[in-house]
Each structure stands twice: as structure tokens, then as C-alpha cells.
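# Notes for the structure review
Now for the letters of each chain:
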Amino acid sequence: MESTELLTDAKQRLQDILMAISWRDLARNYFGKSSSWLYHKLDGIKGDGTPGGGFTASEKAQLKNALEDLADRLHTAASKL
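The model shown is predicted, which means the values in this text are computed figures rather than measured ones.

Quick look at the nonpolar core now. Soluble globular proteins tend to pack their nonpolar side chains together in the buried interior. Counting 15 residues, the largest nonpolar core has L14, W23, L26, L38, L42, L63 and L67 as the members making the most contacts within it. Elements with a minimum of two residues in this core: α1 (9-14), α2 (23-31), α3 (35-43) and α4 (57-79). It is α2 that contributes the most residues to this core, 4 residues altogether. L14 has contacts with W23, L42, L63 and L67, leaving out every residue within four places of it along the chain.

Okay, here's the thing in C-alpha cells:
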């Protein structure tokens, strides 16, 4: 696992759920993008591997909405048990 010093701000904020979510499905269903696109964003790198490819303000808002939607769906599923 990466040390906290090497994690991007996005990864630090999502640390608790990084292994619990299918980022591939999230990238496809909420962004219409590939998992590698999302992983690059989470790592703060551009598609060519150079630094500086983090989330735009709009993408951050979209990611926030996606996670809130997943949270709502989880809560609904749990309440059905």
C-alpha cells in the first residue's frame, strides 16, 4: 500500500473506500470513461503518465454525486433486508 505522503488529495480523502468500490463500474456508469481514466485522475496524472492530471472542479462534483448515489443505493438495499 502507498504511504500517505505519496497519495494524492483525492486518494487521501477516499482512502476508507478505495478497496470497497468498483472504480471500473463507477468510471463507466457515471463518467462514460474507462477505469484507466479514473485511476489516472485519482493518481493525479495525465493520460501520458505526466503529473497534473487531477480532477477538474466539474469532475469533482460529478464524483461527489456518483458517490452520493452509490450511498443512497446501498442504504436502500440494506433497508430491504
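After that view of the structure, there is still more to cover.
A pair of packed helices is captured by two measures, namely the crossing angle of their axes and the spacing between those axes. Contact pair α2 / α3: the axes reach a minimum separation of 8 Å and the direction vectors enclose 105°. Classified by the angle their axes make, α2 and α3 are roughly perpendicular. Contacts between α2 and α3 pair W23, R24, L26, A27 and F31 from the former with S35, W37, L38, Y39 and L42 from the latter.

Two side chains bearing opposite charge may form a pair once their charged atoms approach each other closely. Per the stated rule, a full pass over the model turns up 6 salt bridges. The salt bridge involving E68 is made with K64; its shortest N-O contact spans 2.7 Å. Of this pair, E68 and K64 are both found in helix α4, 4 residues apart, which corresponds to roughly one turn of the helix. Of the charged contacts, one joins R73 and D69 as a salt bridge, the two residues approaching to 4.0 Å between their closest N and O atoms. Linking R73 with D69, this pair stays in helix α4, spanning 4 residues, or about one helical turn.

With that settled, the discussion passes to the packing of aromatic side chains. Applying the stated criterion across every chain yields a total of 1 aromatic pair. Relative to W37, the ring of F31 has its centre 5.1 Å away and its plane inclined at 50°; by these criteria the two rings are tilted. The burial state of F31 is the same as that of W37; both residues are buried.

The rules behind the values
- Residues numbered from 1 in each chain as written.
- Predicted model: local features only at pLDDT ≥ 70, side-chain atom pairs only at ≥ 80, totals over all residues.
- Heavy atoms only, no water.
- Core = buried A, V, L, I, M, F, W, Y, C linked by side-chain atoms within 4.5 Å.
- Buried < 20%, exposed > 50% of the residue type's maximum accessible area, 1.4 Å probe, protein only.
- Helix = DSSP H or I, 4+ residues; strand = E, 2+ residues; numbered from the N terminus.
- Contact = heavy atoms within 4.5 Å.
- Axes fitted to C-alpha atoms, helices over the stretch in contact; angles between N-to-C directions.
- Parallel < 35°, antiparallel > 145°, perpendicular 65-115°, else oblique.
- Salt bridge = Lys/Arg side-chain N within 4 Å of Asp/Glu carboxyl O.
- Phe/Tyr/Trp six-rings, centres within 6.5 Å; stacked < 30°, edge-to-face > 60°.

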